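Take a look at the letters that make up each chain.
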Amino acid sequence: MEDQINRLRVFLDLLLANGPRMLIGLIILFLGVFFTKWLIKKLNTRLSGFIKNPATRSVIVNTVGVLLYAVVVAGSLIQVGANPARVIALIMFVSVGVIGILVVFRPLLPSLPFKAGDVVKTGTLLGRVEGTTILNTRLRTFDGKTFFVPNKSILNDVIINYYYTKTRRVKINVTVGYDQDLLKTKQALEAVMIEDARVLVKPSPQVYVLNLTLNGIEVGARCWVDNTNFWMTKCDLTEKIKYRFDQEGIAFAYNKLDVQYLKKSNVSRSGTLDEVQAYQLNSPEI
Amino acid sequence: MKIAQGMALIGEKWVAKPKEFRVQYQKLKSSELVTEYTPGLEDAGLDSDVTAWRYAWKLHMSTRSESRKVQADELINIRVVDECNNPVAYYVTGENQIFNPK
């Protein structure tokens, strides 16, 4: 019992002697961490106006963050009573190691085949990349859903990055009847594409006769646009093609089926199908 | 003639390719009719004639009036022009179109 009281007394003496310093050290730590987080956020926002590459910006911000955290921890430890020289040496060693990993080894890590802002398709998900972390990628679909996709599954799957190249080809197929003016159809399609300001001059728009189908002649219009304009241009061209065909008097083909039936006045209306077929087969007129 | 020259000739003589579109309209300012553009001449134009015509139509629906006289906030003679101020044919009819002609 006396032993425990002695221990308690020693502990209380220690607390009275060092308590205020420990408290101040804790305050420095908490305030320092809070201030550092705020500063990193502000720095990231400011740098986004100067440095467009998010990877470069991330390296700079994280490096500054590591240095600031190191200063805060060192200050807190020194305040508590640690040996300043040893603390500074330790903190510098750890900081250099972390910054070295960020700057030197980060480029060697497998990188994802897209960046924030790209439109990608991974598996069944199609959307815009909003951000990436070490573990997952945040993808926002066009109907507003947000998916967190593990980077592991992305790296093991086929990815379509619609923004990897600057341009993309628009493909519109139409089918016109066999009785329509094919040359006028091709000229109308080509004119619609050339007249649109977003359609690129090179490669030049092309029109192809693709197929002679049961319903009509399938004609394909192909042109290239900037990736960012792809969807709206495709929709607008489709609309303009419809109106241009109306103006030029070109009719679209519809699915149709020619039905032929043979009428014989002596066949009873109540006759079964077999009887009717037999009559038709045996009838000399048919 | 080289192909590039031929293509340039086709682009110049057969099918004109505008660069941008604006909606041109007139309105009353201090009892005088003034011609204005949207987007403004100092701003970038629209890159789609379909968008421009739809915009023109919405402006017409928003500001039209039944009166024969031009009202204060009414936009009249609304049409789409290209960067050279040439009227652009309405893609629906293939002809020049003016909304709310007065």
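The structure under discussion appears in the preceding block.
The following paragraphs examine the structure supplied in this document. Counting of residues starts from 1 at the beginning of each chain's written sequence and follows it residue by residue. Written order determines the labels here, with chains lettered from A and ligands numbered from 1. Where totals are concerned, whole chains, interfaces and linings use all residues; where local detail is concerned, this predicted model gives features only for residues with pLDDT of at least 70, and gives and counts side-chain atom pairs only at 80 or more.

To continue, consider the overall build of chain A. A helix here means a DSSP run of H or I that spans at least four residues, while a strand means a run of E at least two residues long, and both kinds are numbered starting from the N terminus. Helix and strand counts for chain A stand at 7 helices and 8 strands. Exposure is read from a count of other C-beta atoms within 10 Å of each residue's own; the residue is exposed at 12 or fewer, buried at 20 or more and partly exposed in between. C-beta atoms are placed from the backbone. Among the 286 residues that make up chain A, the fraction classed as buried is 15%. The contact criterion used is a C-beta to C-beta distance within 7 Å, with each C-beta placed from the backbone. Counting only contacts in chain A whose residues sit at least 6 apart along the sequence, the fraction spanning at least 24 positions is 62%.

The next subject is the overall build of chain B. For chain B, the count of helices and strands is 2 helices and 3 strands. Burial status across chain B gives 21% buried among its 102 residues. Counting contacts in chain B only where the partners sit at least 6 residues apart, residues at least 24 apart contribute 55% of the total.

Take the pairing of strand β1 (residues 21-29) of chain B next. Residues and elements named next belong to chain B. Note: β1 against strand β3 (residues 76-82), 5 bridges, orientation antiparallel. Residue Val-23 lies in a different strand from β3, and its bridge partner there is Val-80. The pairing criterion is simple: DSSP has to find at least two bridges between the two strands. Where β1 and strand β2 (residues 32-38) come together, 7 bridges link them in antiparallel fashion. Bridging from a neighbouring strand, Tyr-25 pairs with Glu-36 of β2. Between β1 and β2, which follow one another and run antiparallel, lie 2 residues, and Ser-30 among them has a positive phi close to 50°.

What follows concerns the sheet that holds β2 of chain B. All names here are of chain B. If you walk across this open sheet you meet the 3 strands as β2-β1-β3, and the pairing is antiparallel. A single partner strand is all that each edge strand has here, and the edge strands are β2 and β3. Shown here is a sheet whose adjacent strand axes are inclined to one another by a mean of 25°, direction ignored. The strands touched by helix α2 (residues 49-63) within the sheet are β1 and β3, with β3 carrying the most contacts at an inclination of about 170°. Note on method: axes are straight lines fitted to C-alpha atoms, helices fitted across the in-contact stretch only, with angles between N-to-C directions ranging 0 to 180 degrees.

Residues and elements named next belong to chain A. By the element assignment, Ile-241 lies in helix α6 (residues 230-248). The exposure class of Ile-241 is buried, given the 20 C-beta atoms found within 10 Å. Taking the C-alpha atoms as reference points, Ile-241 and Ala-191, 50 residues apart in sequence, are found 9.5 Å from one another.

This next bit is on the sheet that holds strand β4 (residues 146-150) of chain A. All names here are of chain A. The 5 strands are arranged β4-β3-β2-β1-β5 in an open sheet whose pairing can be described as antiparallel. Sheet topology places β4 and β5 (159-161) at the edges, where each strand pairs with a single neighbour. For this sheet, the mean inter-axis angle between neighbouring strands, taken without regard to orientation, is 40°. As judged from the 5 bridges shared by strand β3 (residues 136-141) and β4, these two strands associate in the antiparallel manner. Its bridge partner lying in β4, Arg-138 is registered against Phe-148.

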